[in-house]
Amino acid sequence: MTPKVQTIPAAATLTAEHLRAWAWHKQGLDGSLAGKTSEEVLDHAGWARSVGGANPYLTLFARAGISREQADRDVKELNIHELPTARGCTYVLGRADFAWGLQIGRDAAVAPFKVLARLGVERSEITLLEDQVEHALQESSDPLDPRQLKDQLGDSVRSLGEEGKKKGAATTLPTALGLLQADGRIRRVPINGRLDQQRYAYTKWGLGPSKIDDDGARRLLLERYLRWTGGATLKQSQWFTAFTVAQTKAALAGVGAVEVATANGDVLWMLPDDVERLADFQEPGDEQIQLLAGTDSLVLHRRNSAEMFAEEDKGKKVLDTTLALQADLPDHPILDRGRIIGLWQYDPGNERIAAWTFAKPTAAVSKRIAEIEAWIRDELGDFRSFSLDSPASRQLRIDALNEAAGL
């Protein structure tokens, strides 16, 4: 059989505009995920970053119209769950990814013990504490929060004094909890069932270990990452995974990734099937408007928001901050087929979205703003970026967006 000759798109055709629309399509923001389940959305578009904010909810709603109530039900039924994984960061994952996702984050769970060792804590002490935590959770009919665990375990939880506080380790309990969670022996559950409140308790779990070795897990993450993004640079891949250069290159070779040059001189690593699809990909002709969180997979997985601005918008500023020069957006983006066309924040006091679009909003833009505004008001009550976000803390930005919009 004659080997298939792969068609690699000419670099000149891979402009910023074309690649924005391609990433938009790969993320399922073009309507292609309508009607999918929460688990299917996260498998297709990528794990949803969770920092006590509302991003996981909007990730699911924007792509598949999934309600907050359904998302919470999926968490309760363990179809999806918030777990520490790549770089030790918490993401909401689908069920099929639980075991190997935890495996990817294992090193980050072990790292805090280095601090404890310098404070005179032996590994055997943490091992004993892990066993005692497991026993306490086994005996409890309800999940226990860290304070309840500390009260039950008494002197087994050692205070590490002022020196420990300075190093971010006030007691030995968080390290034990992190190790237990990384092993799938316990899991963290939201106290009120919501992902955007960041008040947690712990319950016993018996998740089986991953069936692949560490090299296999790294290959799987790189395969997923390239599939989610539609292609990424070596630097972007390393940022998301926290793999070393050697680990990254080995994983890229393991999945058969292909180097593809772009019009601006970057080199993207892509999966072979995606290279073929990109060669045939046509940008949508009609508007496709979405309001997303600043931590949405489209923006965060590559941290390339500067590439999402049209050339004429790269000098736009809010509060003297040039938007295209920031690694992370200061506000949430309004997008059309992958291009950032404005910014937004939710103003709960007035139950409205403060939105600034760089050009006069079209009917499609106004319609989508109204839809997301109603969804936040009716289902979430507020839209927090992260756990410490509050209406008061974002008021300055709300005012700045209103001023920019001429309100």
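Residues numbered from 1 in each chain as written. Predicted model: local features only at pLDDT ≥ 70, side-chain atom pairs only at ≥ 80, totals over all residues. Heavy atoms only, no water.

A closer look at unusual backbone geometry
Part 1 of the reasoning: The backbone of arginine 87 shows a phi angle near 60°, a positive value even though the residue is not glycine.
Part 2 of the reasoning: Among the secondary structure elements, arginine 87 is positioned in the loop between β2 (80–84) and β3 (90–94).
Part 3 of the reasoning: The class of arginine 87 is partly exposed, set by a relative accessible area of 25%.
Part 4 of the reasoning: We note that glutamate 351 has phi near 50°; this positive angle belongs to a residue other than glycine.
Part 5 of the reasoning: With respect to the element layout, glutamate 351 can be found in the loop between β12 (339–347) and β13 (352–357). (Helix = DSSP H or I, 4+ residues; strand = E, 2+ residues; numbered from the N terminus. Buried < 20%, exposed > 50% of the residue type's maximum accessible area, 1.4 Å probe, protein only.)

Things to note about the sheet that holds strand β1 (residues 48–49)
Part 1 of the reasoning: An order of β1-β3-β2 is seen for the three strands of this open sheet, with the pairing classed as antiparallel. A strand with exactly one partner marks an edge of an open sheet, and here the two such strands are β1 and β2. (Pairing = 2+ DSSP bridges.)

Focus: the packing of aromatic side chains
Part 1 of the reasoning: Summed over the entire model, instances satisfying the criterion amount to twelve aromatic pairs.
Part 2 of the reasoning: Ring centres 5.1 Å apart and planes at 55° place the aromatic pair tryptophan 344 and phenylalanine 383 in the tilted group. In this pair, tryptophan 344 is assigned in strand β12 and phenylalanine 383 in the loop between α17 (363–380) and α18 (395–404), connecting sequence segments 39 residues apart.
Part 3 of the reasoning: Three or more aromatic residues joined by ring pairs make a cluster, and in this case those are Trp47, Tyr91, Trp100, Tyr225, Trp228 and Phe240. (Phe/Tyr/Trp six-rings, centres within 6.5 Å; stacked < 30°, edge-to-face > 60°.)

What about the sheet that holds strand β11 (residues 332–336)?
Part 1 of the reasoning: Strand order in this open sheet of four strands is β8-β11-β12-β13, and the pairing throughout is antiparallel. Each of the sheet's edge strands pairs with one partner strand only, and the pair in question is β8 (289–291) and β13. Going from strand to strand, the sheet's axes swing by 25° on average, the running direction of each strand aside.
Part 2 of the reasoning: Bridge count for β11 against β12 is five bridges, and the pairing is antiparallel. Among the inter-strand pairings, isoleucine 334 is bridged to a residue of β12, identified as glycine 342. (Axes fitted to C-alpha atoms, helices over the stretch in contact; angles between N-to-C directions.)

Points about the packing of helix α2 (residues 38–45) against helix α3 (residues 55–64)
Part 1 of the reasoning: Where α2 contacts α3, the two axes come as close as 10 Å, and the packing angle between them is 95°. By the angle between their directions, the pair α2 and α3 is classed as roughly perpendicular. Of α3, the residues touching α2 (which contributes Ser38, Val41, Leu42 and Ala45) are Thr59, Leu60, Arg63 and Ala64.
Part 2 of the reasoning: Residues of the contact of α2 with α3, tallied by class, amount to five nonpolar, two polar and one charged. (Parallel < 35°, antiparallel > 145°, perpendicular 65-115°, else oblique. Contact = heavy atoms within 4.5 Å. Nonpolar A, V, L, I, M, F, W, Y, C, P; charged D, E, K, R; others polar.)

Let's talk about the pairing of strand β5 (residues 200–204)
Part 1 of the reasoning: Within β5, four of the five residues are buried, which leaves the element mostly enclosed by the surrounding structure.
Part 2 of the reasoning: Two strands pair when backbone bridges link them, and strand β4 (residues 186–190) and β5 are joined in this way by five bridges, in the antiparallel orientation. Opposite valine 189, over in β5, you have alanine 201 as the bridge partner.

Quick word on the side chain of arginine 49
Part 1 of the reasoning: Within the secondary structure layout, arginine 49 lies in strand β1.
Part 2 of the reasoning: Look at arginine 49: it is buried, it has no salt bridge, and the nearest opposite charge is glutamate 82 at 7.0 Å.
Part 3 of the reasoning: Of note is the side chain of arginine 49, whose polar atom sits 2.9 Å from the backbone oxygen of threonine 90.
Part 4 of the reasoning: If sequence neighbours within four positions are ignored, arginine 49 has contacts with Asn55, Pro56, Arg87, Cys89, Thr90, Tyr91, Thr295 and Leu300. (Lys, Arg positive; Asp, Glu negative; His and termini not counted. Salt bridge = Lys/Arg side-chain N within 4 Å of Asp/Glu carboxyl O. Polar contact = N/O pair within 3.5 Å; in protein donor to acceptor, adjacent residues only side chain to side chain.)

Focus on the pattern of salt bridges
Part 1 of the reasoning: This structure, assessed with the given rule, holds 33 salt bridges.
Part 2 of the reasoning: Its salt-bridge partner being glutamate 134, residue arginine 185 comes within 2.7 Å of it at the nearest N-O pair. Note that arginine 185 is positioned in the loop between α11 (173–182) and β4 and glutamate 134 in helix α8 (residues 123–139), a separation of 51 residues in sequence.
Part 3 of the reasoning: As a salt-bridge pair, aspartate 196 and arginine 194 come within 2.8 Å of each other at their nearest N and O atoms.

Structural notes on the nonpolar core
Taken as a class, soluble globular proteins show a tendency for nonpolar side chains to be buried jointly.
Part 1 of the reasoning: Residues Trp344, Ile353, Trp375, Ile376 and Phe383 are the most contacted members of the largest nonpolar core, which totals 54 residues.
Part 2 of the reasoning: Excluding residues within four positions of it along the chain, phenylalanine 383 makes contact with Ala54, Asn55, Leu58, Ala293, His332, Trp344, Tyr346, Trp375, Ile376, Asp389 and Arg394.
Part 3 of the reasoning: Counting 27 residues, the second-largest nonpolar core is a separate cluster that includes Trp47, Ile104, Leu252 and Trp269. (Core = buried A, V, L, I, M, F, W, Y, C linked by side-chain atoms within 4.5 Å.)

Some thoughts on helix α12 (residues 214–229)
Part 1 of the reasoning: If you check α12, its first and last C-alpha atoms are 22 Å apart, about what 16 residues at 1.5 Å a residue would give, namely 22 Å.
Part 2 of the reasoning: What α12 keeps buried is the set Gly216, Ala217, Arg218, Leu221, Leu222, Arg224, Tyr225, Leu226, Trp228 and Thr229.
Part 3 of the reasoning: Where α12 begins, the capping side chain belongs to aspartate 213, and its oxygen is found 3.3 Å from the backbone nitrogen of aspartate 215.
Part 4 of the reasoning: Glycine 230 occupies a position one or two residues after α12 and carries a positive phi of about 85°. (Expected span 1.5 Å × (residues − 1).)

Overview of the environment of aspartate 313
Part 1 of the reasoning: By the element assignment, aspartate 313 lies in the loop between α16 (297–300) and β9 (317–318).
Part 2 of the reasoning: Those residues within four positions of aspartate 313 in sequence are excluded, and the remaining contacts are Arg339, Ile340 and Phe358.

Observations concerning α11
Part 1 of the reasoning: Of all ten residues in α11, eight are buried; the element is thus mostly enclosed.
Part 2 of the reasoning: Those residues of α11 that fall on the buried side of the exposure criterion are Leu173, Thr175, Ala176, Leu177, Leu179, Leu180, Gln181 and Ala182.
Part 3 of the reasoning: A positive backbone phi angle near 75° is found at glycine 184, which sits one or two residues after α11.

Overview of the environment of valine 318
Part 1 of the reasoning: Along the chain, the position of valine 318 falls in strand β9.
Part 2 of the reasoning: A sequence separation of 147 residues divides valine 318 from threonine 171, and the C-alpha atoms of the two residues are 41 Å apart.
Part 3 of the reasoning: Here valine 318 is in contact with Leu323, Asp331, Leu343, Trp356, Arg397 and Ala400, once residues within four sequence places are set aside.

Some thoughts on the pairing of β12
Part 1 of the reasoning: For β12, a buried count of eight out of nine residues is recorded, marking the element as mostly surrounded by other parts of the structure.
Part 2 of the reasoning: Linkage of β11 to β12, two consecutive antiparallel strands, is achieved through a turn of two residues, within which arginine 337 is found at a positive phi near 55°.
Part 3 of the reasoning: Bridge count for β12 against β13 is six bridges, and the pairing is antiparallel. By the bridge assignment, tryptophan 344 is partnered in β13 with alanine 355.
Part 4 of the reasoning: In this structure, the hairpin formed by β12 and β13 is closed by a connection of four residues, where glutamate 351 is found at a positive phi of approximately 50°.

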